[in-house]
Amino acid sequence: MLIALAVVGVTTLAVRSSAVPHALERNVTDFSKTSALAQTGNLPSNSTEASIANAPIVTEANAELARLWEADGSVRAGEASDLVILRRLSLALHGTIPSLEELRLFELDTSPDRINRWCVRLLQDNRFDDYFAERLARSYVGTEGGRFLVYRRDRFINWLTHQLRANRPYNEIVSAMISGTGVWTGQGEVNFLTNAFDDDEFNPNKITARTVRAFLGQRMDCAQCHDHPFDHWTQNDFEGIAAHFSQVRISPFGLTDDKSKEFIVDDGTTEDGRMVAPSVPFNPEWLSESEARRERLAAWVTHPSNVRFERATANHVWGLLFGRPYATDRPVDDLPDPGTDSRLAMLDLLGENFRENGYDLKHLIRVIVATDAFRMSSVPPETNGDEETPDNWSVFPLVRLRPEQVIGSMIQANNIRTVDQNSHLFIRALKFFRANDFVDEFGDPGAEELQDRAGTIPQALLRMNGELSRELTSMNPFFAPGRIAAIAPTPESQIETVYLCSLTRKPTPEELQHFQTMFEESGTGTAIEDLFWIMFNSPEFSWNH
Amino acid sequence: MIHHTGFQSLFSSLTRRQALQIGLGTGLSFLLPTLEARATEKRGKERPKSIIVLWMGGGPSQLESWDPHPESSVGETVSKISTTIPGLEIGDTLPQMAEQIHHLSVIRSMVSKEGDHERGTYYAQTGYRPDPSVIHPSITAVISKQLKRDDIEIPQHISLASGDGFVVPRGGFLGADYDAFRIFDPGRNIRNMRPGVDEARQQRRLEGLDVVSNSFASLRQKPVAKTNHQSVIEKALTMMSSSQLEALTLEGEAQSTIDRYGDNRFGRGCLVARRLVEQGVRAIQVVLSGFDTHVNNLDGQRNQFAILDPAFATLIADLKERDLLDSTIVLCLGEFGRTPKINPLEGRDHWPIGFSCVLGGGGLAAGRVIGETDPNAARSNEEQLTKTTPPKSPVSIPDLYATILTTMGLDPYEEIQSPIGRPFMMSEGMAVNDLLPERLR
């Protein structure tokens, strides 16, 4: 019964753009209500959010972009269409393309500044917290399951999701991770530390390297064994930070600190090793007065004057929105020192604004989304001719979707309604299990997910011939191919609906002509299956653009 | 219907047959048949070299296999049998290998620095310890890159019968192109390798793909070309229509042959590995897991070695018979061994100091036994698992790989660059002189 109702709702959506049977439309009451909201522009928080485009920080950021383009002699690309921007936004914040249901709503919203308002809407959706927690967690704890006895990745993710849902200031989230104590099953944040247990022993070096990378955006791992050849980090600096973590111990009552324990480094120079006192490489006045070494360090890392913290966060969030970090030519967690590269002035601007707004991650996202860089078309301006487009955000980059975005988009395209926590249990289960298998087979880039990487042959084979893609393109009365075949009245509206479901756009006249011929030759069912297959394998589907 | 037959358009190269009809001289060389040097046509020492790694996942017990010590106080264990190498005795779990071992050598003094499965596997497959700033390529990835062949249309780095993700050898900083291509159930179904629809329909799909791709690419020619999306799909299509795919099946193999290897995932994996070597594939891993016997060690080890023994022995005999052994290195290795001390659950725990591996073929010296362990020596400081006295003539993982690379004609000290320009040697170890081919010693 429930399924039947849902199907009726789905049908309506499929045909909304063409001749709508009015009797059917009335069945989708909840949907109509939301669309009424959208039309009046009366979305939650709308009144305050609409102004972000005029915020001084957005103006400054756009001026900074313009400065870069002028210095490089670049001509900026045109504006992308709102549908394309919505697709980017949805991929970045929810890990999927927009559903047909959302597209219909979006099309009904004709008041100005709708992208910025939809950004807020997407941020308020629970799918954002779930998805972003997983993305952020990769730089904190990686992707490995690790030692189940003392480390529970699921608890960590769960904790982080709740912090995002509550919109807890990011400096507090980070402090909690560095200084947390307690049981890893109860206090989710403790898993940031228990993740660093190797062979039953706590590894302060591992957690030090990770802390500096994830929160300060710099790599001092090399300084673990020797002075860094390029930067000013020394082995002493590294050991000094590591000493803050050296008192960690674990007992049945959870993770605590043994305040009497000293940090002994066994470097082979002396028989018994050498004692290292906690220290920081610069500005020790940022340390707090706390007794607990980790609390002192947390205060130092997140100190308002520690611009590395805010710059690193701005670069990382930018990376999650665009698929590549602002500093495009380096790993996301390896920024040069502040003030050494004027091309990265954007990070200073965004970082400062992030801090002044109470380290509010959602605010930072909204600012970046409001900049010209996010609105840019991926079509290079004609004047570019044979010139290589420089990496300065004057053209939106083509970035390969990550595996979870590919599978999330395939599953969403297969469902006309939005796949979220309100979806039918069966669809959510399918999404969860199939997505995990697919990501595993597709190759999960793990913590390195923002690095540029090539597509592989096994991935192409999986998309073309894999079981899941066969399932998702096949005629089934409950999913998009079957629904579209059954309800959309003409091949033209069927083709258009498949395009919207999968590429978030309508077909061009040439495409329409080609596929109308295909529909005539193959018959509707086969043609719709083939059309979904074609979409899933097209570069437009698997690249952010 | 719109016909796309021009090679200018994207995705138009379809089936092998069609490609051959039109394709000569168009520069799409990967669509052409393998014109020369088909590996099957060359035998003996001159043949391009390959490597097969039999990966014993979980930590096989040296005491119940290549290094038995029933006379020492190592708990309930196997008895010894003599072998075709004079003086060498191995566990009674490996009767068929006892007949083939003279083609190979045994190292009983392997030492690792990692006692955890995931870290140990990483180290034993790459020769480098895990490092948060870089992912090292596995040795098989390095070999498949350094000895890459242009005439192979199927993957040149393949993992057969693999289970856990971390056991699949990675390309690491060499790139995902060098990740091992995974086949879960060797010889049974070649997942994802065949189109799900008939030829005419596949053709229509590719034509449609051409249309959609063109409308995306027409405005962004350079950026789209840089994505390589098209060439990856073309290579996948080439593979799907390649006759070399047959090497991944068991077509033409008698059931009696399959039974000699063992009709299980690992046995069929070893048989497919032989077929891949014949086809010229460079680097193949076949996985047998289940050696992590913290509980009831003896039964667990016996079960797994009963799967290994016929498969390994038949593989060696088969390679020898087909004159492929001189060009194929076979290495049997796990991430570490198991403790001489039996735990309260009749199990053995992880033991990274003084475990065994077996290797041979490809020109390596045969019939050698390297190193010696004293299982009693460990009992005095058993609580210090990773800091026990090393065995006689210890061989590290990097040493092992330096030996293999040298034998395959590569220079282990040649540096390869990570993407951020950090140079790494292919292996930092010292080749084991006794194992090298005579001309290289």
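In this report, the structure presented in the accompanying data block is examined. (Residues numbered from 1 in each chain as written. Chains lettered and ligands numbered in written order. Predicted model: local features only at pLDDT ≥ 70, side-chain atom pairs only at ≥ 80, totals over all residues. Heavy atoms only, no water.)

**Things to note about the environment of Gln163 of chain A**
All names here are of chain A. What counts here: Under the scheme used here, helices are H or I runs from DSSP no shorter than 4 residues and strands are E runs no shorter than 2 residues, and both carry numbers assigned from the N terminus. Any two residues whose heavy atoms approach within 4.5 Å at even a single point are treated as in contact. Any pair of nitrogen or oxygen atoms within 3.5 Å is treated as a polar contact; in protein, a donor-acceptor pairing is required on top of that, and neighbouring residues in sequence qualify only through side-chain atoms on both sides.
For Gln163, the location among the structural elements is in helix H10 (residues 153-165). Between the C-alpha atoms of Gln163 and Arg470, which are 307 residues apart in sequence, the distance is 38 Å. Apart from residues lying up to four places away in sequence, Gln163 is in contact with Arg168 and Ile173. Of the polar contacts made by the side chain of Gln163, one reaches the side chain of Arg168; its length is 2.8 Å.

**Remarks on the interface of chain A and chain B**
Stated precisely, the cut-off is as follows: The quantity reported as buried area is the accessible area (1.4 Å probe) lost by two parts once they are put together, taken as the sum for both. The rule for a salt bridge is simple: a side-chain nitrogen of Lys or Arg has to be within 4 Å of a carboxyl oxygen of Asp or Glu.
Contacts between the two partners involve 55 residues from chain A and, on the opposite side, 47 residues from chain B. For the chain A and chain B pair, buried surface summed over both sides reaches about 4500 Å², with 61% attributable to carbon and sulfur atoms. There are 3 salt bridges connecting chain A and chain B. For Arg201 of chain B, the salt bridge identified is with Asp530 of chain A, shortest N-O distance 2.8 Å. Elements represented by at least two residues in the side of chain A that touches chain B include exactly helix H21 (425-442), helix H22 (457-465), helix H23 (467-473), helix H25 (491-503), helix H26 (509-522), helix H27 (524-537) and helix H28 (539-542) of chain A.

**Section: the pairing of strand E4 (residues 104-111) of chain B**
All names here are of chain B. In plain terms, the rule: Burial status follows relative accessibility: with a 1.4 Å probe on protein chains alone, a residue under 20% of its type maximum counts as buried, one over 50% as exposed, and anything between as partly exposed. Two strands make a pair as long as DSSP finds a minimum of two bridges between them.
The buried fraction of E4 amounts to 8 of the 8 residues, a majority that puts the element mostly inside the structure. Looking at chain direction, E4 and strand E12 (residues 369-370) are connected through 2 bridges and run parallel. Opposite Ile107, over in E12, you have Ile370 as the bridge partner.

**Here we look at the side chain of Ser246 of chain A**
Residue and element names in this part refer to chain A. Position of Ser246 relative to the elements: it lies in the loop between helix H14 (235-245) and strand E3 (248-251). Of the polar contacts made by the side chain of Ser246, one reaches the backbone oxygen of Ala243; its length is 2.7 Å. Ser246 has contacts with Pro204, Lys261, Phe263 and Arg293, leaving out every residue within four places of it along the chain.

**Here we look at the packing of aromatic side chains**
Residues and elements named next belong to chain A. Put simply, the test is: Within 6.5 Å between ring centres, the rings of Phe, Tyr and Trp (the latter by its six-membered ring) count as paired, and their orientation is classed by plane angle as stacked under 30 degrees, edge-to-face over 60, tilted in between. Over a ring means this: the NZ of a Lys or the CZ of an Arg is within 6 Å of the ring centre and within 35 degrees of the ring normal.
Inspection of the entire model under this criterion finds 29 aromatic pairs over all chains. Consider the rings of Phe322 and Trp393, whose centres lie 4.8 Å apart with planes at 65 degrees: the pair is edge-to-face. Residue Phe322 is located in helix H16 (residues 307-322), and its partner Trp393 is located in the loop between helix H19 (372-375) and strand E7 (399-400); the two are separated by 71 residues in the primary sequence. Just as Phe322 is buried, Trp393 falls in that class too. One aromatic cluster is present, built from ring pairs that chain together Trp318, Phe322, Tyr326, Phe374, Trp393 and Phe396. Over the ring of Phe106 we find Arg114, and its NZ or CZ is 4.1 Å from the ring centre. Directly above the ring of Trp118 sits Arg121, whose terminal nitrogen or CZ lies 4.4 Å from the centroid.

**Description of helix H17 (residues 345-356) of chain A**
Turn by turn, an α-helix covers 3.6 residues, leaving residues three or four places apart pointing in a common direction. The condition is simple: In a helix, the anticipated span is given by 1.5 Å times the number of residues less one.
Between its terminal C-alpha atoms H17 of chain A stretches 17 Å, which fits the 16 Å expected from 12 residues at 1.5 Å a residue. If you follow the buried residues of H17 of chain A, they end up packed against helix H5 (56-72), helix H11 (170-179), H16 and helix H18 (361-370) of chain A.

**Quick word on helix H13 (residues 204-216) of chain A**
All names here are of chain A. Look at H13: 17 Å from first C-alpha to last across 13 residues, which is about the 18 Å you get at 1.5 Å a residue. Most of H13 is tucked away: 11 of the 13 residues are buried. Among all positions in H13, only Pro204, Ile207, Thr208, Ala209, Arg210, Thr211, Val212, Arg213, Ala214, Phe215 and Leu216 are buried. Regarding H13, its N-cap is Asn203, as a side-chain oxygen of that residue lies 3.0 Å from the backbone nitrogen of Asn205 further along.

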